[in-house]
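One-letter residues, chain by chain:
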Amino acid sequence: MAGAYYEKIARINLSTGEIKVEPLDLELAHKFIGGRGLGTKILYDEGVATVDPLSPENKLIYITGPMTGAAAPSTGRYMVVTKSPLTGMIACSNSGGIWGAKLKHAGWDAIIVEGQAPEWTYISIEDDKIQLLDAREYLGMMSEEMDTKLKEKHGPTASVLNIGPAGEKQVLLAAIMNDKDRAAGRSGVGAVMGSKRLKAIVVKSSRIKLDNIADEEALKAATKRAMDVLMANPVTSSGLKQLGTAILVNIINNVGSLPTKNWQESYYEQAEDISGEALAEKYLVRPGACYRCPIACGRIINVNGHVTGGPEYEPLWAYGANCGNNDLNVIDECNMLCNEYGLDAISTPCTIAAAMELYQRGAIKEEDCAGVPLEWGSTKALVEWTKRMGNPETELDWLMSSGSARLCEHYGMPELSMSVKKQEMPAYDARGIQGIGITYATSNRGGCHVRGYMISPEVLGLPQQLDRTVTDDKAVWAKTFQDLTAVIDSMGHCLFTSFAMGAPEYTDLLNAATGTNWTVEQVLEIGDRIYNIERMFNKAAGMKPEDDRLPKRLLNDPIVNGPSKGMVSQLPLTLPQYYEARGWVNAFPTDETLKKLGLDECIGK
Amino acid sequence: MIEVRLFATLRQGREKVVMLESQGFSTARDIIEHLDIPAGEVSILLINGFHKTPDTEVKDGDIVALFPPVGGG
Ligand code: SF4
C-alpha cells in the first residue's frame, strides 16, 4: 500500500452479486500510470474489445489515478473506461467534482463492474465495505433529485454518481453524472451503466487524504512548484475563475472558427449574446471548483430561480451558434436538462443541429416532429427535443437520441453528421484551425477536443503562438499534446492545469507521489504507450483506417463567411505526417513501434 | 474607421466596441496606448481575425480584437 496506489481493485459482478477484491499489479500500474492508461490496458487484456457494448459482457471501469485525491492541484478526477455503444470503440470519459477523490480515499484504485443486475441496483461503498442495494424506488428520477435523496439516506459526507432517465433507457448519448453537475459526458458511458441496471454508486470514506504517498516532502515541494506556476499564469490564476471556459465563444468566433448552423457557417453574428462575458454579467452567482482546484472554472448560475451548474463553452456553442440560437437563458435551461436527464451536453445539441439541417433540407418533415418543428433557432425545439432525447418514446426521439451519425444515415445524408467515429465534434472549426483537425481525426474516442487541445498553441498562444492557418509541424505538435494529455488523464489531474503546467511539473508530482524515478522523456513515452494501447483496443474492436477521417464538409466545402472564409482542412496532408510521427502505417502501430513502447503483447494482433 | 473590439477584463472601465478614425494610428500598439491598456494586459491581438503583433500596421476598415490571456476547453 505505497506510492499513491492502494493496490486494491473491487470487481463487482452484478449478475451474480459476487464482489471480489483483487490486488493491483503495481508493475502494470507504473507502466500505464492509472486512470485512462491502466483502465484501457485492463479492458484490452480482458478481451472486452470484441463484445457487444450494451451486453452483460461489457465491463465498466471506474478508475482513479495515483494523484486522484492527493494533496496537489486539481486532483478530483476519475475516469470511466468501457467499450462505447456510440462509437463501438474505446470510451474513456473523465469527470471532476469530489466523487473520484472519495473513491480513492475509501481505499480503491478502481471498481470494475461486470454483468447485469437482475433488478435495478445501486452500489454503496464505505471504505472497505461494498454493498449492492435496491434502486427500484429511484427509477425514472432526475439525476439531481436522486443525488439529494441518496445523500439524505447515506449522510451528507456521501458523494453520489448516478445516471438519469437517459442512461436508464440506454440512450447512446447518455452521460454519467456525479456531484450533481459534473459529468463523465461522452461516448455513451451512461448507456453502458444503464445496460447493467446500475443506477448509482455512493461513496463514503473515513480517510480525508491519501496516507500512502511515497515521499511526502517531495510531493509538498512539487506541489508548491506547481502552484507557483499555476498562480503565475493569468489564465489559471484568475482568467478561468472570472469567465470560465465560456470566454472562448468570442475569441473562437473572432478567428472565424465558431461552427454555426451545423457547420454550414463559421462566424456567428450574435456570438456576443451567448458569450462568457454575457453569462458572467447576467447569470453568474459564483465560480465553482472541483476537489482541491485553485483554477475554479465552474460556473454556478441562476437559471429561472434555480441555482445550479452553468454551461461550459461547448454547450454554449452547441445549443447556441450551432443551432442558430442566441437566447442564453434557453441554453442555460437546456444545459440543466442535460444534467438532469444525464445526457452528453455536446453530442445532444450537436445532434439537434444535424436534425435542424435535415429539416432545412426537407428530409425531416414537419409532420414527423410531433408539434415541435426543428427550425433553426427555435428555443421551443431546443428544450422539447432535449427532453425527448433524454426520455425517448417515438421513433424520431429514439433516432435522435442515438446521435447524429445514425440519424443522418437513416435519412440517407450521412455527410450531414459532423462527427468522427460517430461521435460529434466540438466547438472549433478544423478548417480555420488546421492542427485541431488532426486531433479530431485521430482521437481514439472519436470527435473530441480534449485528447490533444491544439487550440492552446493555435489560438490561445500557449505555450507559444502557432499560425492556425498552416500545417507545418502540426502533426508533431498534435502527437505531443495527445501523449501529454494521456499522462495527465492517467494521473488524475484536471487537464486545465496544463494551460500553465508542463511535462516537468507533472513528472515531478508523479515521481514524488508514486516513488518512481521517471524522466520527462520517459513520462511522455508512457503517454505514447497509452495512446497506442487505445489504438490497439480500437483495432481489436474492428476500427478501419478510414475511421481516422473528418466529415467531407471540412475537406471539400470552404468556409463561407467570416475571417476564415475560403479555408478547408488540409488533413490529407497532415494525416500521413502524423502517422509517421507515431510510427504507424495505415492508422495502426507497426510491430516495431509496439516493441519500442513495450507493448509486445499486442504484436501480431 | 477602425473597429476595436475589447473582450473579457479589457472591457472593465471601457466600451465593448470602440470606433476610431484611422488617421493618427499607424500600428496596433498606437491603438492599445490610446485606449490606455497596459501593454502586458493584451495577450491576443487579432487584426481581421488573424493573430498579429502590436507592431502591425493598421488601416481604414480594419477590425482589431484585443483579449487578455484566456484559456478554456
Ligand atoms: S479547472 Fe475546472 S474542471 Fe478542472 S478541476 Fe478545476 S474546477 Fe474542475
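Residues numbered from 1 in each chain as written. Chains lettered and ligands numbered in written order. Predicted model: local features only at pLDDT ≥ 70, side-chain atom pairs only at ≥ 80, totals over all residues. Heavy atoms only, no water.

1. A look at helix H7 (residues 216–232) of chain A
Residue and element names in this part refer to chain A.
Then step 1. Over its 17 residues, H7 runs 24 Å from end to end, which matches the ideal 24 Å to within 8%, given 1.5 Å per residue.
Then step 2. Within the span of H7, buried status applies to Leu-219, Ala-222, Thr-223, Ala-226 and Leu-230. End-on, the buried residues of H7 take up no more than an arc of 105°, which puts them together on one face. The exposed residues of H7 that point more than 90 degrees off its buried face are Glu-217, Lys-220, Lys-224 and Ala-232.
Then step 3. As for H7, its buried residues are in contact with helix H8 (234–243) and helix H20 (503–514). (Helix = DSSP H or I, 4+ residues; strand = E, 2+ residues; numbered from the N terminus. Expected span 1.5 Å × (residues − 1). Buried < 20%, exposed > 50% of the residue type's maximum accessible area, 1.4 Å probe, protein only. Arc of directions from axis to C-beta. Contact = heavy atoms within 4.5 Å.)

2. With respect to the packing of aromatic side chains
Residue and element names in this part refer to chain A.
Then step 1. Enumeration according to the criterion identifies 14 aromatic pairs over all chains in this entry.
Then step 2. Taking 5.7 Å as the distance between ring centres and 75° as the angle between the ring planes, the aromatic pair formed by Tyr-428 and Tyr-453 counts as edge-to-face. With Tyr-428 in the loop between strand S17 (423–424) and helix H17 (434–442) and Tyr-453 in the loop between H17 and helix H18 (455–460), this pair connects stretches of sequence that are 25 residues apart.
Then step 3. For Tyr-428, a relative accessible area of 0% puts it in the buried group. (Phe/Tyr/Trp six-rings, centres within 6.5 Å; stacked < 30°, edge-to-face > 60°.)

3. Some details on the packing of H17(A) against helix H19 (residues 474–491) of chain A
Residues and elements named next belong to chain A.
Then step 1. Interaxial distance between H17 and H19 falls to 9 Å at its minimum, and their mutual angle equals 55°. Judged on the interaxial angle alone, H19 and H17 are oblique. As H17 runs across H19, the sense of the crossing is right-handed. Of the residues in H19, those touching H17 at Gln-434, Gly-435, Ile-438, Thr-439 and Thr-442 are Lys-474, Ala-475, Ala-478 and Gln-482.
Then step 2. In terms of residue class, the contact of H17 with H19 is built from three nonpolar, five polar and one charged. (Axes fitted to C-alpha atoms, helices over the stretch in contact; angles between N-to-C directions. Parallel < 35°, antiparallel > 145°, perpendicular 65-115°, else oblique. Left-handed = near helix turned anticlockwise from the far one by under 90°. Nonpolar A, V, L, I, M, F, W, Y, C, P; charged D, E, K, R; others polar.)

4. Comments concerning the sheet that holds strand S4 (residues 50–51) of chain B
All names here are of chain B.
Then step 1. With mixed pairing, five strands are arranged side by side in an open sheet as S2-S1-S5-S3-S4. Whereas interior strands pair on both sides, the edge strands pair on one side only; in this sheet they are strand S2 (17–20) and S4.
Then step 2. When strand S3 (residues 44–47) meets S4, the two strands line up antiparallel, connected through two bridges. Across the sheet, Leu-46 pairs through a bridge with His-51, a residue of S4. (Pairing = 2+ DSSP bridges.)

5. Here we look at the sheet that holds strand S9 (residues 159–162) of chain A
Residue and element names in this part refer to chain A.
Then step 1. One open sheet holds the six strands; their spatial order is S8-S7-S12-S9-S10-S11, and the pairing between them is mixed. Edge strands, defined here as strands with exactly one partner in the open sheet, are strand S8 (129–134) and strand S11 (182–184). Averaged over all pairs of adjacent strands, the angle between their axes in this sheet comes to 20°, without regard to strand direction.
Then step 2. Here S9 pairs with strand S10 (residues 176–178) via two bridges, running antiparallel. Bridge pairing in S10 places Leu-161 opposite Asn-178.

6. Section: the pairing of strand S12 (residues 198–204) of chain A
Residue and element names in this part refer to chain A.
Then step 1. The element S12 is extensively covered by neighbouring structure, given that six of its seven residues are classed as buried.
Then step 2. Relative to S12, strand S7 (residues 121–126) runs parallel, the two being bridged by six bridges. By the bridge assignment for S12, Ile-123 is matched with Ile-201.
Then step 3. Alignment of S9 against S12, held across four bridges, turns out to be antiparallel. Looking at S12, one finds that Leu-161 is bridged to Ile-201.

7. A closer look at the pattern of salt bridges
Then step 1. Counted by the stated rule, this structure contains 37 salt bridges over all chains.
Then step 2. Here Lys479(A) and Asp528(A) are joined by a salt bridge, their closest N and O atoms 3.4 Å apart. Placement of Lys479(A) in helix H19 and of Asp528(A) in helix H21 (residues 520–540) is noted, with a sequence separation of 49 residues between them.
Then step 3. A residue is classified by how much of its surface remains accessible, and Lys479(A), at 14% relative accessible area, is buried.
Then step 4. For Glu3(B), the salt bridge is made with Arg5(B), and the minimal N-O distance between the two is 2.8 Å.
Then step 5. What you see here is one network of salt bridges that share partners, running through Arg11(A), Glu22(A), Glu46(A), Lys59(A) and Glu114(A). (Salt bridge = Lys/Arg side-chain N within 4 Å of Asp/Glu carboxyl O.)

8. Some words on the site of the ligand
Then step 1. Taken together, Arg77(A), Arg182(A), Gly288(A), Ala289(A), Cys290(A), Cys293(A), Ile295(A), Ala296(A), Cys297(A), Cys494(A) and Phe496(A) make up the full set of residues near the ligand.
Then step 2. For the shell around the ligand, the residue count by class is eight nonpolar, one polar and two charged. (Near = heavy atom within 4 Å.)

9. A closer look at the confidence of the model for chain B
Then step 1. With 100% of its residues at a pLDDT of 70 or more, chain B has an overall mean of 95.
Then step 2. Taken over the whole predicted complex, pTM reads 0.98, whereas the ipTM for its chain interfaces reads 0.98. (pLDDT = per-residue confidence, 0-100.)

10. With respect to the environment of Leu28(A)
Then step 1. Along the chain, Leu28(A) turns up in helix H1 (residues 26–32).
Then step 2. What Leu28(A) contacts, discounting residues up to four positions off in sequence, is Leu38(A) and Lys41(A).

11. Structural notes on the interface of chain A and chain B
Reports of interface size often rely on the accessible area that becomes lost once the parts have come together.
Then step 1. Across the contact, 31 residues belong to chain A and 19 residues belong to chain B.
Then step 2. When the buried area of chain A at its contact with chain B is split by residue, Ile247(A), Ile251(A) and Asn254(A) rank highest and sum to 24% of it.
Then step 3. Taken together, the links from chain A to chain B amount to one salt bridge.
Then step 4. Here Arg11(B) and Glu272(A) are joined by a salt bridge, their closest N and O atoms 2.7 Å apart. (Buried area = accessible area lost by both parts, 1.4 Å probe.)

12. Quick notes on empty space enclosed by the protein
All names here are of chain A.
Then step 1. Considering all chains together, one arrives at two cavities of 30 Å³ or more under this definition.
Then step 2. Put simply, the largest cavity is a space of about 50 Å³.
Then step 3. Lining the largest cavity, in full, are Tyr-5, Leu-24, Ile-33, Gly-34, Leu-38, Ile-63, Thr-64, Gly-65, Pro-66, Lys-104 and Asp-109.
Then step 4. Considered class by class, the residues forming the lining of the largest cavity number six nonpolar, three polar and two charged.
Then step 5. Of the volumes computed, that of the second largest cavity is approximately 40 Å³.
Then step 6. Lining the second largest cavity, in full, are Asn-262, Trp-263, Asn-322, Cys-350, Ala-354, Ser-404, Met-418 and Glu-424.
Then step 7. Tallied by class, the residues present in the lining of the second largest cavity amount to four nonpolar, three polar and one charged. (1 Å grid on protein atoms, 1.4 Å probe; cavity = no way out; pocket = protein on both sides within 12 Å on 5 of 7 lines; lining within 4 Å. Points joined across faces, edges and corners; volume = space filled by probe spheres on them.)

13. Notes on a nonpolar patch on the surface
Then step 1. A cluster of nonpolar side chains, Met1(B), Val17(B) and Met19(B), forms an exposed patch at the surface whose accessible area comes to about 260 Å².
Then step 2. Take Met19(B): it is sitting in strand S2. (Patch = residues over 30% accessible without salt bridge, like charges linked within 9 Å, V, L, I, M, F, W, Y side chains within 5 Å. Areas by Shrake-Rupley, 256 points an atom, 1.4 Å probe, with all protein chains shown as cover.)

14. So, the environment of Gly97(A)
All names here are of chain A.
Then step 1. Along the chain, Gly-97 turns up in the loop between strand S5 (90–95) and helix H3 (99–105).
Then step 2. You can call Gly-97 buried: its relative accessible area is 9%.
Then step 3. Along the primary structure Gly-97 and Leu-524 are separated by 427 residues, whereas in three dimensions their C-alpha atoms are 27 Å apart.
Then step 4. Setting aside residues no more than four positions away along its own chain, Gly-97 makes contact with Gly-76, Asn-178, Asp-179, Arg-182, Cys-290 and Tyr-291.

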